[in-house]
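Observations on the model geometry
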Amino acid sequence: MDIRKVFGGNARRFRLALGLSQEAVAERMGVDRAFISSVERGLQNATLLTIWQTAQALEVRPADLLEEKVSKIRS
């Protein structure tokens, strides 16, 4: 899977869990709401600084944003 989509999907999931809007996260990070939208859609390459700022804004560990959930299939 594309790491940008993993990061974006996790960011969206954590944002919704906190009940925050894209605008609120953008304000916490000091970026534009459109940037958050493109991150969540997997269109934006995240730098280390962006990963750190996103984690801080969403109150999670940076590693949580990069974790790919793999569903286990039983045979």
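Conventions used here
Residues numbered from 1 in each chain as written. Predicted model: local features only at pLDDT ≥ 70, side-chain atom pairs only at ≥ 80, totals over all residues. Heavy atoms only, no water. Helix = DSSP H or I, 4+ residues; strand = E, 2+ residues; numbered from the N terminus. Buried < 20%, exposed > 50% of the residue type's maximum accessible area, 1.4 Å probe, protein only. Contact = heavy atoms within 4.5 Å. Areas by Shrake-Rupley, 256 points an atom, 1.4 Å probe, with all protein chains shown as cover. Lys, Arg positive; Asp, Glu negative; His and termini not counted. Charge placed at Lys NZ, Arg CZ, Asp CG, Glu CD. Salt bridge = Lys/Arg side-chain N within 4 Å of Asp/Glu carboxyl O. 1 Å grid on protein atoms, 1.4 Å probe; cavity = no way out; pocket = protein on both sides within 12 Å on 5 of 7 lines; lining within 4 Å. Points joined across faces, edges and corners; volume = space filled by probe spheres on them. Nonpolar A, V, L, I, M, F, W, Y, C, P; charged D, E, K, R; others polar. Axes fitted to C-alpha atoms, helices over the stretch in contact; angles between N-to-C directions. Parallel < 35°, antiparallel > 145°, perpendicular 65-115°, else oblique. Phe/Tyr/Trp six-rings, centres within 6.5 Å; stacked < 30°, edge-to-face > 60°. Lys NZ or Arg CZ within 6 Å of the ring centre and 35° of its normal.

1. Some remarks on the overall build of the chain
The secondary structure content of the chain amounts to five helices and zero strands. Its helices and strands in sequence order give the chain the pattern α-α-α-α-α, from N to C terminus. Taken along its principal axes, the extent of the C-alpha atoms in the chain is 45 × 25 × 20 Å. Split into buried and exposed, the 75 residues of the chain put 36% on the buried side. Here the analysis covers contacts within the chain between residues at least 6 apart in sequence; of these, 63% occur between residues at least 24 apart. Carbon and sulfur atoms make up 53% of the accessible area of the chain, which amounts to about 5,100 Å² in all. Side-chain charges in the chain split into 12 positive and 9 negative, and the spacing between the mean points of these groups amounts to 7 Å.

2. Overview of the pattern of salt bridges
Summed over all chains, the structure comprises four salt bridges. The closest approach of N and O atoms between Arg4 and Asp2, which form a salt bridge, is 2.8 Å. Residue classification places Arg4 among the partly exposed residues on the basis of a relative accessible area of 32%. A residue is classified by how much of its surface remains accessible, and Asp2, at 28% relative accessible area, is partly exposed.

3. Things to note about the side chain of Glu40
Tracing the chain through its elements places Glu40 in helix 3 (residues 33–40). With residues up to four places along the chain from it excluded, the contact list for Glu40 reads Gly8, Gly9, Ala11, Arg12, Arg15 and Gln22.

4. Regarding empty space enclosed by the protein
Any empty space left between the atoms is revealed when a probe the size of a water molecule rolls over them. Applying the stated criterion across every chain yields a total of one cavity of 30 Å³ or more. Estimated volume of the largest cavity: approximately 40 Å³. Contributing to the lining of the largest cavity are Ala11, Val25, Ile36, Val39, Glu40, Thr54 and Leu58. For the lining of the largest cavity, the secondary-structure elements that each account for two or more residues are helix 3 and helix 4 (48–58). Residues belonging to the lining of the largest cavity are distributed by class as follows: five nonpolar, one polar and one charged.

5. Some points on the packing of helix 2 (residues 22–29) against helix 3
Orientation of helix 2 relative to helix 3, taken along the N-to-C sense of each, is 110°, at an axis distance of 8 Å. Taken together, the axes of helix 2 and helix 3 are roughly perpendicular relative to one another. Contacts between helix 2 and helix 3 involve Gln22, Glu23, Val25, Ala26 and Met29 on the former and, on the latter, Arg33, Phe35, Ile36, Ser37 and Glu40.

6. Observations regarding the packing of aromatic side chains
Enumeration over the complete set of coordinates arrives at zero aromatic pairs. Over the aromatic face of Phe14 sits the side chain of Arg13, whose NZ or CZ is 4.6 Å from the ring centroid.

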